[in-house]
Every structure is written in structure tokens, then in C-alpha cells.
Amino acid sequence: MPKNDKQDGYYKEDILKVGFDLEEKNRSGSYLQIDHSVLAEKSNLEDIEILNTVDALKKYDWLKDYWWKAVSPDKDEYTKEVDINQNYGYFIHVKPGAKVEFPIQSCLFVSKESTHQNVHNIIIVEEGAEVHVITGCSALHGVNNAFHIGVSEMYIKKGAKLTFTMIHLWGPEIFVRPRTGVIIEENGIYISNYICMNPVKDLQMSPVTYCGKNATALYQTVLYASEDSKMDVGSVIYLNGENSKTEVVSRTVARDDSEATVRGTIIGKNKKIKGHLECRGLMLSDNAIIHAIPELRAETADADLSHEAAVGKISEEEIEYLMSRGLNKEEAASVIVRGFLNIDIKDLPKQLEEEIQKKIDISMAGI
Amino acid sequence: MVIKLKYSLEIRNLAVDVDGQHVLKDVNLMIEKGETHVLLGPNGSGKTTLLLSILGLSRYKVVRGEIIFKGRNIVDLPTDERVKMGIGIAFQNPPIIRGISLNTMLNVCMGKKTTEITDDAVKLAKELNFSEDFLTRDVNYGFSGGEIKRSEIMQLIAQQPDFIMFDEPDSGVDIENMELIGKIIGKLLERDLIPSRRKKMGLIITHLATILDYINADRAHVMLKGKIACSGYPKEILDGIRKNGYEKCIRTCQEQ
Ligand SMILES: Nc1ncnc2c1ncn2[C@@H]1O[C@H](COP(=O)(O)OP(=O)(O)OP(=O)(O)O)[C@@H](O)[C@H]1O
Ligand SMILES: [Mg+2]
């Protein structure tokens, strides 16, 4: 880990909040990038390699076969910008059969005014391997007018499993465009957890997942839109392989003048595919907007696709139930919102969990 | 000078509207320290309305009268403050809250600010014939009728109120669980103590008499069309209703 006290001083607190542990307790490896500088790229296990993608491309010729293969550089103006003007990003390679016990942590941090941070990340989980990557993206408190564009390509080989937990903690003046593509081979499993609790100026992303035969993709998303935040978050899942399945669950809370668009698209293309979208929204303000757009597309007769979407306010009956057990109105509302946002994430760092709880407590005051 | 507040529940001339409907007309009721009363009456007569008015839920608008608990008129207090004064209830139809486990409810009842499963909760689950796994389920979600009753009572044990209301704790409960529930309610209301030692007060709505085999209540009231039409010894009133039905029982009762 970098031993620079001055740097530690200013970013430590912010990156702790996104789950990055400088002490590296219970972590299998770390990648830390601040603006355009790589501060840590280190693995604690032989079975894992962690590098920045610029060096990785130089080191491994074969990496070309994965470069821009899950995401097209021509997708939009943001991917084009990353293609032309890339500022590192992480390369995580997990060797075949490795069952990695502790998560790998990564943090992409923006510290300077008007920064454009354009990263290109690659994760490759080889056959039969299992790993959890926790990545936190954050900005120094008070930074204005910054851009974060993150291209992520993930390759999950036969029978491999990747759990990818992403925490976004930006700021009210940050513009964010992640572009993600995930390719899951036969019997592979991809579990995505995405949490965005803090205000952000403008966030739009819609990771695309391609499922092979017997592959599984699970998405859990928690959005807490407040102030003037604009969030547009979705996931697109192609069930290309026979017997592939997916479940997409999202919980969205919108308050103040925020706007949250929550999308989900499942495209079923092969026999015995199964997919379900669950999208629930909780409105805490008359000025906020939640727009839920679940979409299903079957291209085979042997499809089992379904969705449920519900948007509403906190039910008075639920509040009064908790009040009749001794909580006041505010406490009751915050317990309900906490329960609403409570999705089960394995190995979530304690620090992070506390941060989420704290965030809810603070933001519920005065509702 | 120290004013000794009366440890009792007294309802005077209570009239309550629900969504613009006059449901309770003129209810008078007095429950003294250590007493447990039974509330009988046909469907739709206003029993649940009375309990939820005592609890102070927002839909129940008191248009007249007083509810005096421990010497204080509580009609203007929000529910949570009434609960903090020592009022508790087992609901007839509690809502499902997704994302909130039964365990979280127990912690709320015990005033614990944690979501973890405590030893106390495990003990309670055992006492109510629940597995530990049951504690992690979303409260009331997919609970069977009998499980709802036991879950409500479990929360009350965790809460330990001084005045406890039960809205049909015995309906939909099988024989074995009836005995369990009967005994636990009896204990909650200190019916196992000699009368002079009892402090807790209770009000139980029931359509069945079985529960009274376990809780020898002090008094019974029959509610009819938003009024308490008659009161008396539980056994006599129950026998009267069984033999002659509500209407006739009330007529004879009022003639006396
Ligand atoms: N929102 C409402 N609008 C109009 N009338 C209502 C409303 N809620 C309750 N009532 C009426 O108030 C009356 C009393 O209802 P309450 O639930 O108190 O009856 P109850 O004695 O508990 O009956 P049961 O034995 O069936 O539980 C009923 O006629 C009911 O229809
Ligand atoms: Mg009722």
C-alpha cells in the first residue's frame, strides 16, 4: 500500500466509505487509482494477477483477444473517448480452479476539479475459478465538474463464478458513464451487486450480459436518489445459451428533486431459458420521479420470462404497525426504508454496511 | 403534594368516526389495575375499532369522549407515545412489511437498536413454538393464520406492556396452539398470580369461549352497533349468548 501520509490524509476517509481497506484486512488483492495515477496494483495470492490494463496489454499479447470484445469501442461517444484517451483501469486475472476466499478490492477515485477519468477494466475468471471483486468509485468531497467513464469487460469462463459488487459514492457535480459487458460461458455464474446511495449529477449505465449454456446472471441494484441527482440504471441480459437464467432485482428510493430511471431488459433466445425482473420503487417526495421500465423479449417458444414492478409511497399501515411497537413516525419510516433497501450481499465489508445504514438514517430525518 | 395517579384504563362517552362513518357511539368502560376483561359482540359491531381507537391509529377519529390511561387523557397522543406509556396490542390483521424480519420487530419491541438475532429472541421463538429460522422471515409475509397470532403475542412478550389488548388471539388457532396461546396470554396478564399481586390489565376480543378456559377474565362486555350493550360475569354472559344469541342475551341483560 502507498505510504504517503499526505495522500492518506485526504482520501482515506472517502475510500473507506466505498469499502476500500488500506490495511488490506481480509482482502486477496488491491487496485487503487486516483485520477490518472495507479497507486496500488497488488495481489496477495499466486492465483490472482492484478495490474493496470496498460501494463497488462504490454505484458500479455493474448490480452488483445479480450480487448474491446465484450464492449464495442464504437458503442457511443463515451466508449470512443476511452478508446482514444485511456487512463489505465484494472486488469484482474484469476487462474483456473482458484477458489478465492477473500474479496479483491478496487477503488477508482477522482480527486481533482474538472478531471476526466477514463478507465478500461478487464476481469477474466478462468475455468472453475471463483472470486468476489468489490469496487468502489468515489470522488473527493467537493470536487466539481468531473467525469468518470469506466469501460469494464468481464469474462467468466466455463463453470467459473464472479461476484462483482460495485459501490458508487460520487458527488452532486460528477458526471458518470460506466460501460460494461459481461460474457458468461457454459455453467458460469455472474452475481452483480450495485449500490448508489449518494447524490450524483448524472449517472447513466446499462451493463450488457451475454449468458451461455446453463449460465446464470443475478443482478441486485440499490439506488437512493436524492437532491438533484439524475440516475438512469438498467441491465440488459441476453439469454443466448440453452437453459440459461437470470434474475434482476432492483430497489429504488427517490426523494427531493431527483429522477431515477430503472430499466431492465431480458432477451430470451434459446430453449429452456428463464428470467425474472423485479423492480420496486419508493417515493419520498412529490418532486421526485421514478420511472420503471421492465422489458421482456422472447425469441423462442420455450421461454419463461416475467416481471413485476411497483412504485409507491411508504404505507401508513406499515408505519403505524411499527409505531404500535414503540417507534416514532420518523424512526418507523427509516426502519421501513432500510428494510426496503436491504438486499443480501455476501461478504459486504462492515464499513460499507455501516455507511449505508448511516446514510439512510441521516437522509430519513425530516421525511 | 404527590398526586397518586390511578393505574387504570377508563373510557368515558367515547364516540369514534372511521372514514366519516360513526362507528363507536357512546362507549364507557373501566378496567382497573390487575383486571382482564373480555369484549364480545357480533361481526362489525365495533370491537376492533375500540381497540384501535385506544391505540390511537390515525384513521380512528375521536369525536367525543375521553380515554384515560394511568390518570392521563391520551386521546391527543400519537400511537408511539401511548405505547411508551405502556399500551400494547396483538392485531387481528397486521400488515406485511417486506424487508423487515420478525426478528427486527422483536428488537424494536425490546427497544434494541440492532438487526442481529439476540439470545432473548431465540428464547422467545422457542417459547412460541417457532424455529430460529422463522425469525429471519419478513414479518407476516406468508405467515399462516395461527403463525400471525403467535408472532403478535411473541412481540408483546418482548414489549411487556402494562395494558394489553388482544384482537381475536384465538381465531384460526389449532387445539395444541390454543393451549399454548392461552397459557402465554394468561402469564402475560399475570393471571397466574393471586389477584392482589396482579398489575397488568387486559382486554381480549374473542368469539370463542375456549381461550377463557385458560384466562379466567374478570368481566365481559358485549358490543352491539358501536355501544357496550351489556356487561357482567364472563361465564354468565357467554352462556346467555350461547343459549339465546346476542340480541336476546342483551335484552335480558339490560332488563336486569
Ligand atoms: N373505513 C371504513 N369505512 C366505513 N366503515 C368502516 C370502515 N372501517 C370499519 N368500518 C365499519 O365499522 C364497523 C365496525 O368494524 P370493526 O372492525 O370494529 O368490527 P368488529 O366488531 O371488530 O368485527 P369482527 O368481529 O368482524 O372483527 C363495521 O361495520 C365496519 O364495516
Ligand atoms: Mg374485529
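Residues numbered from 1 in each chain as written. Chains lettered and ligands numbered in written order. Predicted model: local features only at pLDDT ≥ 70, side-chain atom pairs only at ≥ 80, totals over all residues. Heavy atoms only, no water.

- Identification of chain B as ABC transporter ATP-binding protein from Methanoliparum thermophilum is taken from an unreviewed UniProt entry.

- Going by what an unreviewed UniProt entry lists, chain A is known as SufD family Fe-S cluster assembly protein and is assigned to Methanoliparum thermophilum.
- Chain A has a UniProt comment under Sequence similarities (unreviewed entry) that states "Belongs to the iron-sulfur cluster assembly SufBD family." (UniProt positions renumbered as here; feature names shortened; annotations may be inferred.)

**Overview of the UniProt feature "domain: ABC transporter" (unreviewed entry) in chain B**
Moving on, step 1. Here, UniProt's "domain: ABC transporter" (unreviewed entry) annotation points to residues 9-250 of chain B.
Moving on, step 2. The annotated region residues 9-250 of chain B carries 33% helix and 27% strand content, and the separation between its end C-alpha atoms amounts to 24 Å. (Helix = DSSP H or I, 4+ residues; strand = E, 2+ residues; numbered from the N terminus.)

**Regarding the interface of chain A and chain B**
Interfaces are often sized by the amount of accessible area the parts lose when they come together.
Moving on, step 1. Contacts between the two partners involve 19 residues from chain A and, on the opposite side, 29 residues from chain B.
Moving on, step 2. The contact between chain A and chain B buries some 1900 Å² in all, and 60% of this surface belongs to carbon and sulfur atoms.
Moving on, step 3. The three residues of chain A that bury the most area against chain B are E320, Y321 and R325 of chain A, which together make up 40% of that side's buried surface.
Moving on, step 4. There are 1 salt bridge connecting chain A and chain B.
Moving on, step 5. In this structure, the salt-bridge partner of E152 of chain B is R325 of chain A, at a minimum N-O distance of 2.6 Å.
Moving on, step 6. Taken together, the connections running from chain A to chain B amount to 8 residue pairs in polar contact (both at pLDDT 80 or more).
Moving on, step 7. Going through the elements one at a time, α4 (316-323) and α5 (329-341) of chain A are the ones with two or more residues in the side of chain A that touches chain B.
Moving on, step 8. Looking at the side of chain A that touches chain B element by element, the count peaks at 7 residues for α4 of chain A.
Moving on, step 9. Partitioning the side of chain A that touches chain B into residue classes produces 7 nonpolar, 5 polar and 7 charged. (Contact = heavy atoms within 4.5 Å. Buried area = accessible area lost by both parts, 1.4 Å probe. Salt bridge = Lys/Arg side-chain N within 4 Å of Asp/Glu carboxyl O. Polar contact = N/O pair within 3.5 Å; in protein donor to acceptor, adjacent residues only side chain to side chain. Nonpolar A, V, L, I, M, F, W, Y, C, P; charged D, E, K, R; others polar.)

**Re the site of ligand 1**
All names here are of chain B.
Moving on, step 1. Taken together, 16 residues lie around ligand 1, and D19, K47, T48, T49 and R59 are the ones closest in.
Moving on, step 2. G44 is positioned such that a nitrogen or oxygen atom in its backbone is 2.8 Å from an oxygen atom of ligand 1.
Moving on, step 3. The contact in question runs from a nitrogen atom of ligand 1 to an N or O atom on the side chain of R59, over 2.5 Å.
Moving on, step 4. Burial of ligand 1 by the surrounding chains reaches 68%, relative to a free accessible area of 640 Å². (Near = heavy atom within 4 Å. Areas by Shrake-Rupley, 256 points an atom, 1.4 Å probe, with all protein chains shown as cover.)

**Considerations on the confidence of the model for chain A**
Moving on, step 1. Summing up the model confidence of chain A, the mean pLDDT is 91 and the portion of residues at 70 or higher is 94%.
Moving on, step 2. Note that pLDDT drops below 50 for residues 1-8 of chain A; the model gives that stretch 12 contacts with residues more than four away or on any other chain. (pLDDT = per-residue confidence, 0-100.)

**A short note on empty space enclosed by the protein**
All names here are of chain A.
Moving on, step 1. Applying the stated rule across the entire model yields 5 cavities of 30 Å³ or more.
Moving on, step 2. Quantified by volume, the largest cavity comes out at close to 170 Å³.
Moving on, step 3. Lining the largest cavity are 20 residues; nearest its centre among them are S192, Y194, M205, P207 and Y219.
Moving on, step 4. When contributions to the lining of the largest cavity are tallied by element, the ones reaching two or more residues are β9 (161-169), β10 (174-184), β11 (189-196), β14 (216-225), β17 (245-254) and β18 (259-268).
Moving on, step 5. No other element matches the 4 residues that β11 contributes to the lining of the largest cavity.
Moving on, step 6. Grouping the amino acids of the lining of the largest cavity by side-chain chemistry returns 12 nonpolar, 7 polar and 1 charged.
Moving on, step 7. Roughly 100 Å³ of volume is contained in the second largest cavity.
Moving on, step 8. When residues of the lining of the second largest cavity are traced back to their parent elements, those giving at least two are β6 (116-125), β7 (130-139), β8 (146-156), β9 and β10. (1 Å grid on protein atoms, 1.4 Å probe; cavity = no way out; pocket = protein on both sides within 12 Å on 5 of 7 lines; lining within 4 Å. Points joined across faces, edges and corners; volume = space filled by probe spheres on them.)

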